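Chain by chain, the residues:
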Amino acid sequence: VEFHVSLVDRRDLAGEIYRQLRRAILDGRLRPGDALPPTRELAQRLSVSRTTVSVAYDRLNGEGFVISRVGAGTFVAEHVPSATRNDSRAVASLRARPIWDRLTHPATSTTPADFDFRTWVPDGNQFPYETWRRLIALELRAGAFVGGFSSDPAGHPALREAIVRHIGTSRGVIADPGDVTITNGAQQALDLVTRVLLSPGDRVAMEDPGYKGAVLLFESLGLKVTGVEVDAEGLVVDALPSDARLVYVTPSHQHPLGVAMSLSRRMALLDWAERHNAAVIEDDYDSEFRYGGRPVEPLKTLDTSGRVAFMGSFSKTMHPTLRLGFVVTPASLSKAVHAAKYVADYQTPLGAQAALAHLIDGGWFARHIRKTRTLYEARHDVIVRTLTAQFADHLTVLPSIAGLHVSATANALSPDEVGVAVERARDAGVAVPSLSMFRVTRPAQSGLVLGYGGIETERIPEGLRRLRRAFDQT
Ligand SMILES: Cc1ncc(COP(=O)(O)O)c(C=O)c1O
């Protein structure tokens, strides 16, 4: 490693080299396994004797920071002594606000499980790579970046119009492109609308169990979060706290239980919002994948008083790493949400927006959804059939006719016992989320949430066999 050592003060040269290298190891600029410069080379660079460098290296060696290998050189040790890490001064002087001690992002696993039933992944192998490459390449031509930051923070006009047509035909939502904001995933849509509407200390209500990403976001904004019971008709409107200023819901396919909110509940929720002067965010995150039944009218369509923001995502239909989502806001909020988008990050990458507009307008997007819907429906059916036939003593499958996951409640096992079964399954190569992970403020429910975006159809039976064994052993 070409490491910079600065010897301004020429007293205690060996001590200075030792201290600078030690600090670099402690703060991570030099990482385990990195090679230190050879003593001869560093000595020449610093115009010091080779012995001076050797003294510094010997001291680092003696304290366990580096290891010298004869003939190979000197390397940063794999395990730096931990007691000495505490004196890294930066750690003591800067502290995040207390809320960030509690909020952490989930551990990211780079090695997918052999049998992957996680809920937040679509099938990456189905992504239309060839078409996407071509459409992106079309955008990346000379002159593409001439506009710089002058483009509209609300998003590429062609994509906003394409989305209006898409949700108009697929969801019956009639929207004005001027009320659409393109966001970096639906998560950002949730962030922008919430920040525009609520102040720290305000209350937000949401379904419980519910979408954890929303809980973390609301808490980070200093909001009070109340989880509200969900029954067979969706969110129990009568249980809403009267001081909620915002209600966040997933009515077309409740996340994670899978129930669709009934029409009468939808009307009751809109009525409640009007009486309490509250706003509603309708998260339509995966309704493109429906396997039967008649879709219920979106809240956005039923809303007559301009209280509903309707958000959608291309994470399940395309891929979550694209970070493309959108929100249709009531006209009274659109200007503020566009400004919030500008303040947050100016705009969503323009080339990807234009490519997605082409994909929708050219019919590729609809074809892709048709193809993947057939695939996911087959997986949905295998899982539901197998769980019903072979897990009846352990689990009760909840009815669900859309999306990329099904949930099942445990008949007898407690959330902790399900946790043990989930761990056992993990050891057997099966990744499956426990229902208790989705708890908001109410007691955790006991069960599983099985995603089928990330597991090939033919691997599902073996995955479920191993899961069954994990349950039998618990
Ligand atoms: C219910 C729900 N809403 C919103 C999101 C956020 O989606 P995006 O990737 O578009 O930010 C997710 C992601 O998993 C989700 O499950």
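Before reading on, note that the structure itself is shown above.
Residues numbered from 1 in each chain as written. Predicted model: local features only at pLDDT ≥ 70, side-chain atom pairs only at ≥ 80, totals over all residues. Heavy atoms only, no water.

### What to know about the overall build of the protein chain
Per the secondary structure count, the protein chain includes 16 helices and 15 strands. Overall size of the protein chain, expressed as C-alpha extent along the three principal axes, is 85 × 60 × 50 Å. Scored against the burial criterion, the 474 residues of the protein chain give a buried share of 50%. Long-range contacts, defined here as pairs at least 24 residues apart, represent 74% of the contacts in the protein chain between residues at least 6 apart. Accessible surface for the protein chain amounts to roughly 22,600 Å². Of this, 54% is attributable to carbon and sulfur atoms. (Helix = DSSP H or I, 4+ residues; strand = E, 2+ residues; numbered from the N terminus. Buried < 20%, exposed > 50% of the residue type's maximum accessible area, 1.4 Å probe, protein only. Contact = heavy atoms within 4.5 Å. Areas by Shrake-Rupley, 256 points an atom, 1.4 Å probe, with all protein chains shown as cover.)

### Considering the environment of Pro177
Mapped onto the secondary structure, Pro177 falls in the loop between helix H7 (157-170) and strand S4 (180-183). Distance in space between the C-alpha atoms of Pro177 and Glu229 is 35 Å, their sequence separation being 52 residues. Sequence-distant contacts of Pro177, defined by excluding residues within four places in its chain, comprise Arg160, Glu161 and Val164.

### Focus: the packing of H7 against helix H13 (residues 350-361)
With their axes 8 Å apart at the nearest point, H7 and H13 run at an angle of 35° to one another. H7 and H13 meet at a crossing whose hand is left-handed. Residues Ala158, Leu159, Ala162, Arg165 and His166 of H7 form the contact with H13, whose own contacting residues are Gln353, Leu356, Ala357, Ile360 and Asp361. Residues that form the contact of H7 with H13 fall into these classes: six nonpolar, two polar and two charged. (Axes fitted to C-alpha atoms, helices over the stretch in contact; angles between N-to-C directions. Left-handed = near helix turned anticlockwise from the far one by under 90°. Nonpolar A, V, L, I, M, F, W, Y, C, P; charged D, E, K, R; others polar.)

### Focus on the environment of Ala244
Relative to the helices and strands, Ala244 is located in strand S8 (residues 244-249). For the pair Ala244 and Arg459, spaced 215 residues apart in the sequence, the C-alpha separation amounts to 44 Å. With near-sequence residues (within four places) excluded, Ala244 lies in contact with Arg203, Ala205, Trp272 and Ala278.

### Overview of the site of the ligand
As a structural note, the neighbourhood of the ligand is formed by Gly185, Ala186, Gln187, Tyr211, Tyr248, His255, Asp283, Tyr285, Ser313, Ser315, Lys316 and Arg323. For the ligand, an oxygen atom lies 2.6 Å from a polar atom in the backbone of Ala186. Within the side chain of Asp283, one N or O atom sits 2.5 Å away from a nitrogen atom of the ligand. When isolated, the ligand has an accessible area of 400 Å², and the protein chains bury 92% of it. Element by element, the count of residues in the shell around the ligand is highest for helix H8 (residues 185-197), at three residues. Partitioned by chemical class, the residues of the shell around the ligand number four nonpolar, five polar and three charged. (Near = heavy atom within 4 Å. Polar contact = N/O pair within 3.5 Å; in protein donor to acceptor, adjacent residues only side chain to side chain.)

### Details of the pattern of salt bridges
Scanning the model with the defined rule gives 22 salt bridges in all. A salt bridge links Asp243 to Arg203; its shortest N-O distance comes to 3.0 Å. Taken together, the residues Asp243 in the loop between strand S7 (234-235) and S8 and Arg203 in strand S5 (residues 203-208) connect sequence positions 40 residues apart. Measuring nitrogen to oxygen at the nearest pair gives 3.0 Å for the salt bridge that ties Asp345 to Lys341. Residue Asp345 and its partner Lys341 are both found in helix H12 (residues 331-345); the two are separated by four residues, about one turn of the helix. A relative accessible area of 0% places Lys341 in the buried class. Sharing partners across several salt bridges, the network here consists of Asp12, Glu16 and Arg19. (Salt bridge = Lys/Arg side-chain N within 4 Å of Asp/Glu carboxyl O.)

### What about the sheet that holds S5?
Strand order in the open sheet formed by eight strands is S4-S11-S10-S9-S8-S5-S6-S7, and the pairing between neighbours is mixed. For this open sheet the edge positions go to S4 and S7, each flanked by a neighbour on one side alone. With two bridges joining them, strand S6 (residues 224-231) and S7 adopt antiparallel strand pairing. When the bridges of S7 are listed, Asp231 appears paired with Gly234. The strands touched by H12 within the sheet are S4 and strand S11 (325-328), with S4 carrying the most contacts at an inclination of about 20°. (Pairing = 2+ DSSP bridges.)

### What to know about the pairing of strand S13 (residues 405-410)
Along S13, five of the six residues are buried, which leaves the element largely enclosed by surrounding structure. Here strand S12 (residues 395-397) runs beside S13; their pairing, made up of three bridges, is antiparallel. Paired with Thr396 across the strands is Thr409, a residue of S13. Here S13 runs beside strand S15 (residues 447-451); their pairing, made up of five bridges, is antiparallel.

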